[in-house]
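Chain and residue survey
Listed below are the residues making up each chain.
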Amino acid sequence: MKTALLVPVYNEQEVLPFLWEQLQSVRKSLPQETFEYLFVNDGSTDGTLALLKQWAAENSSIKIISLSRNFGKEAALTAGLYEAAKADAVIILDADLQDPPELIIPFLQKYREGFDVVYGQRSDRRRDSFFKRFTARCFYKLYNALAVRPLPENAGDCRLLSRRAVQAVLSLPERERFMKGLFNWIGFRTAAVPFARQKRKAGKTKWNYWRLWNFALEGLTASSTLPLRLWTYFGFIVSGFAFLYALWIAAQKIFWGNPVSGYASLMVTVLFFSGVQLISLGVIGEYLGRVFIETKQRPLYLIDEKTNCD
Ligand code: UDP
Ligand code: MG
């Protein structure tokens, strides 16, 4: 059986030698397996590509797809899945050793037991900062409250996909690819392998909180239309209250002859509802933007060159 290890890399020259070392030791412990190493260079600006090419020149099981610029991890993964689609199973790993390559062993074991999707579950996130853990928790809670199909908590992109699971992911045509959501959407027999998330071995993370926030928004809007529908309910509720309030004001005037007053309450109401309307417009805009991007039908990524690929 042939297993493809898919590693997206973006400016990872510092960590690649460590990764390679660990991959080799895993390979030695699984002598009966055939591995191919598929690196997707996501527009690195450092020596990553040169280093990979140097390795690939000596080792034909190292394949490289180099994208024409940085398209983001989701696009890089998609490019890799297309290339690896012929392998019996594909295993996705981060380059920075945060997902320990030893996971390959239990992943393959589960695959043999008949699972199509085996994902690494971060059972121990103590090495992530408090804020990161907190925001991740909030995201999963919100996502699972909204989405039709809840995401397992603490599952990253690190996973094994059988060939038919890869085909299933590739059959989803959307351009905005929230991979975790797609991996989860396809279903099939799924197993989790718990592991302790490591600290990044070398180099720097490519994600800042602004990027993560946008990623979260993309994930939510890609997986649920509930935020759009909420406004309808909210509108009904507010209109109901407004109607009752109107009756109340009328009654006051008729029965007690109160002069109409209330600059403050008027101001608060107007400002509050202007805000609410802007928010709801923003939500609609968010979805409209996604529709716009989908209708443009642009390719997800462009390939600059391939090495050792067939
Ligand atoms: N990555 C990528 N393109 C990007 C950003 C990241 O291919 O635009 C790769 C990166 O090289 C690494 C993996 O995605 O292999 C995870 O990135 P990182 O470690 O920066 O993310 P974190 O672990 O901090 O979430
Ligand atoms: Mg990382």
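The shown structure was predicted, so the numbers you read here are calculated from the model rather than taken from an experiment. (Residues numbered from 1 in each chain as written. Chains lettered and ligands numbered in written order. Predicted model: local features only at pLDDT ≥ 70, side-chain atom pairs only at ≥ 80, totals over all residues. Heavy atoms only, no water.)

Looking at where Ser224 falls in the secondary structure, it is placed in the loop between helix H8 (209-223) and helix H9 (226-256). One polar contact links the side chain of Ser224 to the main-chain carbonyl oxygen of Leu146, over a distance of 3.2 Å. Those residues in contact with Ser224 that sit more than four places away from it in its chain are Leu146, Ala147 and Tyr287. (Helix = DSSP H or I, 4+ residues; strand = E, 2+ residues; numbered from the N terminus. Polar contact = N/O pair within 3.5 Å; in protein donor to acceptor, adjacent residues only side chain to side chain. Contact = heavy atoms within 4.5 Å.)

Two numbers describe a pair of packed helices, the interaxial angle and the distance between the axes. Two numbers describe how helix H3 (residues 73-84) lies on helix H6 (residues 163-170): the axes approach to 10 Å, and their chain directions differ by 130°. By the angle class used here, H3 and H6 are oblique. Crossing angle aside, the handedness with which H3 passes H6 is left-handed. For the pair H3 and H6, the contacting residues are Thr78, Leu81 and Tyr82 in the first and Val166, Val169 and Leu170 in the second. (Axes fitted to C-alpha atoms, helices over the stretch in contact; angles between N-to-C directions. Parallel < 35°, antiparallel > 145°, perpendicular 65-115°, else oblique. Left-handed = near helix turned anticlockwise from the far one by under 90°.)

Here the focus is the pairing of strand S6 (residues 155-162). S6 sits mainly inside the fold: eight of its eight residues count as buried. Bridging between strand S4 (residues 89-92) and S6 involves four bridges; their strand directions are antiparallel. The residue of S6 that forms the bridge with Val90 is Leu161. For strand S5 (residues 117-124) and S6, the ladder comprises four bridges, and the chain directions are antiparallel. Along S6, the bridge assignment pairs Val118 with Leu160. (Buried < 20%, exposed > 50% of the residue type's maximum accessible area, 1.4 Å probe, protein only. Pairing = 2+ DSSP bridges.)

For the rest of this paragraph, the subject is the coordination of the magnesium ion (ligand 2). Taken together, the protein ligands of the magnesium ion (ligand 2) are Asp96 (OD) and Gln98 (OE1), with distances of 1.8 to 1.9 Å. Each member of the pair Asp96 and Gln98 is classed as buried. (Donors = N, O, S within 2.8 Å, 3.2 Å for Na, K, Ca; no water.)

Right, let's get into helix H1 (residues 16-29). Counted at 1.5 Å a residue, the expected span for H1 with its 14 residues is 20 Å, and the 20 Å between its end C-alpha atoms agrees. Looking at the buried side of H1, the elements it contacts are strand S1 (2-9), strand S2 (34-41), helix H2 (48-58), strand S3 (62-67) and helix H4 (104-112). (Expected span 1.5 Å × (residues − 1).)

Moving on to a nonpolar patch on the surface. On the surface, Leu230, Tyr233, Ile237, Phe241, Phe243, Leu244 and Leu247 cluster together into a nonpolar patch covering about 790 Å² of accessible area. Turning to its location among the elements, Leu230 is positioned in helix H9. For Leu230, a relative accessible area of 46% gives the class partly exposed. (Patch = residues over 30% accessible without salt bridge, like charges linked within 9 Å, V, L, I, M, F, W, Y side chains within 5 Å. Areas by Shrake-Rupley, 256 points an atom, 1.4 Å probe, with all protein chains shown as cover. Salt bridge = Lys/Arg side-chain N within 4 Å of Asp/Glu carboxyl O.)

So, about the packing of aromatic side chains. Two aromatic rings are characterised by how far apart their centres lie and by the angle between their planes. If you walk through the whole model with that rule in mind, you get 14 aromatic pairs. With 6.5 Å between their ring centres and 35° between their planes, Phe35 and Tyr37 make a pair best called tilted. Take Phe35: its relative accessible area is 8%, and that puts it in the buried class. Among the residues examined, Tyr37 registers a relative accessible area of 3% and is labelled buried. Where Phe255 meets Trp256, the ring centres are 6.3 Å apart and the plane angle is 80°; that geometry is what we call edge-to-face. A relative accessible area of 64% places Phe255 in the exposed class. A relative accessible area of 56% places Trp256 in the exposed class. (Phe/Tyr/Trp six-rings, centres within 6.5 Å; stacked < 30°, edge-to-face > 60°.)

Once that is clear, we can look at the site of ligand 1. Lining the immediate environment of ligand 1, one finds 18 residues, of which Glu12, Asp42, Asp96, Gln98 and Thr205 sit closest. One of the side-chain N or O atoms of Asp42 is found 2.6 Å from a nitrogen atom in ligand 1. One of the side-chain N or O atoms of Asn70 is found 3.1 Å from an oxygen atom in ligand 1. Protein contacts shield 94% of the accessible area of ligand 1, which totals 530 Å² for the unbound molecule. Its residues placed into classes, the shell around ligand 1 shows five nonpolar, four polar and nine charged. (Near = heavy atom within 4 Å. Nonpolar A, V, L, I, M, F, W, Y, C, P; charged D, E, K, R; others polar.)

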